[in-house]
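# Examining the three-dimensional arrangement
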Amino acid sequence: MDFHALVTAARTCRRFEEDKPLNMADLEWLADCARLAPSARNAQDLRFVLVGPGDMCGRLFALTRWAGALRDWGGPQPGERPTGFIAILLPTKSNDLHLVDTGIAAQTMQLAAASRGWGCCIMQAFDHQAAPKLLAVPDAYTMALVLAFGVAKEKRVLAPMPTAGNAPYWRDAQGVHYVPKRALTDLILARY
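A quick note: this is a predicted structure, and the numbers were derived from the prediction, not measured.

### Topic: the side chain of His98
On the secondary structure map, His98 appears in helix α4 (residues 96-115). Polar contacts involving the side chain of His98 include one to the side chain of Asp45, which spans 2.7 Å. Among the polar contacts made by the side chain of His98, one reaches the main-chain amide nitrogen of Asn95 at a distance of 3.0 Å. What His98 contacts, discounting residues up to four positions off in sequence, is Asp45, Leu46, Leu90, Pro91 and Lys93.

So, in structure tokens, the structure goes:
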């Protein structure tokens, strides 16, 4: 798959094949992909907590919130929940470059997951008090993001941005998830 096709395929996934769980080696591979990604000043200050299938995965899932734009949907139902999570931790005494590194690591893992047909949901919508306690995050770190993973169950499709310019995603009656994207010509402000 060429890179443009990979980026197109790497849409946020919120429903997974729960009966086809990822394993700890899969999660380690994703974290290793993030480890190899660029890091500001090559500081490599981010840390990762991996949560594989099982009780801890279910407990962390209960502390997450899903798809705020889909007001009538309460999140993945049993049978379509993620089978693994990776929490990205940044130093408690962080700077703007740590936030850049967090985004690079998250996107790298999402693209890596898409390259294997897995889905990924990058989220900051989790209980910021209870989740770090559950995962025993050391005081020297802050839980920046949680990435949910699993074999993708839902179909995600790019759609043109509505003329009103309103960008929320939506689902049709068949459960296909649509993500509106602005046209490239609307985003390029100048060419020199």
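Next comes the rest of the write-up.
### Considering the packing of aromatic side chains
The description of an aromatic ring pair rests on the distance of the ring centres and on the angle between the ring planes. Counted by the stated rule, this structure contains three aromatic pairs. Aromatic side chains Phe16 and Trp66 sit 6.4 Å apart centroid to centroid with 75° between the ring planes, which places their arrangement in the edge-to-face category. With Phe16 in the loop between α1 (3-9) and α2 (24-36) and Trp66 in the loop between α3 (55-61) and β2 (84-91), this residue pair connects regions lying 50 residues apart in the sequence. Across this residue pair, the class does not change: Phe16 and Trp66 are buried. Geometrically, the ring pair formed by Trp29 and Trp118 is edge-to-face, given 6.0 Å between the ring centres and 90° between the ring planes. Taken as a pair, Trp29 in helix α2 and Trp118 in strand β3 (residues 118-123) lie far apart in primary sequence, 89 residues in all. Accessibility expressed as a relative area gives 27% for Trp29, which makes it partly exposed. The class of Trp118 is buried, set by a relative accessible area of 12%. By way of ring pairs, the aromatic residues Phe16, Phe61 and Trp66 are connected into one cluster.

Cut-off values and rules
Residue positions are given per chain, counted from 1 along the sequence in the order it is written. Where totals are concerned, whole chains, interfaces and linings use all residues; where local detail is concerned, this predicted model gives features only for residues with pLDDT of at least 70, and gives and counts side-chain atom pairs only at 80 or more. In computing side-chain properties, one takes all heavy atoms of the structure into account and sets aside hydrogens as well as water. Only DSSP runs of H or I covering at least 4 residues are called helices, and only runs of E covering at least 2 are called strands; the numbering of each starts at the N terminus. What qualifies as a polar contact is a pair of N or O atoms within 3.5 Å, subject to a donor-acceptor requirement within protein and to the restriction that residues adjacent in sequence count only when both atoms come from side chains. Whether two residues are in contact is decided by their heavy atoms, any of which lying within 4.5 Å being enough. Classification of ring pairs rests on two measures: the distance between centres of Phe, Tyr or Trp rings, Trp counted by its six-membered ring, which must be within 6.5 Å, and the angle between planes, read as stacked under 30 degrees, edge-to-face over 60 and tilted in between. Exposure is judged per residue with a 1.4 Å probe applied to protein chains only, and the accessible area is read against the type maximum: over 50% gives exposed, under 20% gives buried, and values in between give partly exposed.

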